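The chain contents come next:
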Amino acid sequence: MSKLKFELFITSGDKQLTVVVDEKPILFGCAPNCDVQIGDDEPKIKAMIQKEGMHLNVKVFDVKFPVNINGKKYKS
């Protein structure tokens, strides 16, 4: 069986970014090492998404920027 990949589509205004999610974390925030640049205040890293086995691990570090999944907001 071939290895499946998980693609994440991020849209903001008229821009769209496509990233492949794997074991390397995708960082969101304003720190220079973030893959997706958002915000300009503390904390410098707002969230992280990473594949762990067959699951997607989402960690939110800034309660002002909740993650919306299927209409529900998650702040942690």
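Residues numbered from 1 in each chain as written. Predicted model: local features only at pLDDT ≥ 70, side-chain atom pairs only at ≥ 80, totals over all residues. Heavy atoms only, no water.

S.K.: Can you walk me through the pairing of strand β5 (residues 45–52) in this structure?
M.R.: In regular strands, side chains alternate between the two faces of the sheet. Extensive coverage of β5 is indicated by the burial of six of its eight residues. The pairing of strand β3 (residues 26–29) with β5 spans four bridges and is classified as antiparallel. The residue bridging Leu27 from the neighbouring strand is Met48, located in β5. Bridge analysis of β5 against strand β6 (residues 55–60) gives six bridges, and the strand direction is antiparallel. By the bridge assignment, Ala47 is partnered in β6 with Val60. Taking the residues that link successive antiparallel strands as the turn, the β5-β6 hairpin has two residues, and the phi of Gly53 there is positive, at about 65°. (Buried < 20%, exposed > 50% of the residue type's maximum accessible area, 1.4 Å probe, protein only. Helix = DSSP H or I, 4+ residues; strand = E, 2+ residues; numbered from the N terminus. Pairing = 2+ DSSP bridges.)

S.K.: Explain the layout of surface pockets to me, please; I cannot follow it from the model alone.
M.R.: Remark: the empty space left among the atoms is shown by a probe the size of a water molecule rolled over them. Considered as a void within the structure, the largest pocket measures approximately 350 Å³ in volume. Taken together, 16 residues line the largest pocket, and the ones lying closest to its centre are Phe28, Ile38, Ala47, Pro66 and Val67. For the lining of the largest pocket, the elements supplying multiple residues, two or more each, are β1 (6–12), β5, β6 and β7 (67–69). Top element by residues in the lining of the largest pocket is β1. It accounts for four residues. The class makeup of the residues in the lining of the largest pocket is 13 nonpolar, two polar and one charged. (1 Å grid on protein atoms, 1.4 Å probe; cavity = no way out; pocket = protein on both sides within 12 Å on 5 of 7 lines; lining within 4 Å. Points joined across faces, edges and corners; volume = space filled by probe spheres on them. Nonpolar A, V, L, I, M, F, W, Y, C, P; charged D, E, K, R; others polar.)

S.K.: In this structure, what is going on with the environment of Gln50? I would like to understand it.
M.R.: By the secondary structure assignment, Gln50 is in strand β5. Its relative accessible area of 17% is what places Gln50 among the buried residues. Sequence-distant contacts of Gln50, that is, excluding residues within four places in its chain, are made with Val21, Asp22, Glu23, Lys24, Pro25, His55, Leu56 and Asn57. Polar side-chain contacts of Gln50 include one of 2.4 Å to the backbone oxygen of Glu23. (Contact = heavy atoms within 4.5 Å. Polar contact = N/O pair within 3.5 Å; in protein donor to acceptor, adjacent residues only side chain to side chain.)

Remember, this is a structural readout, not a statement about activity or role.
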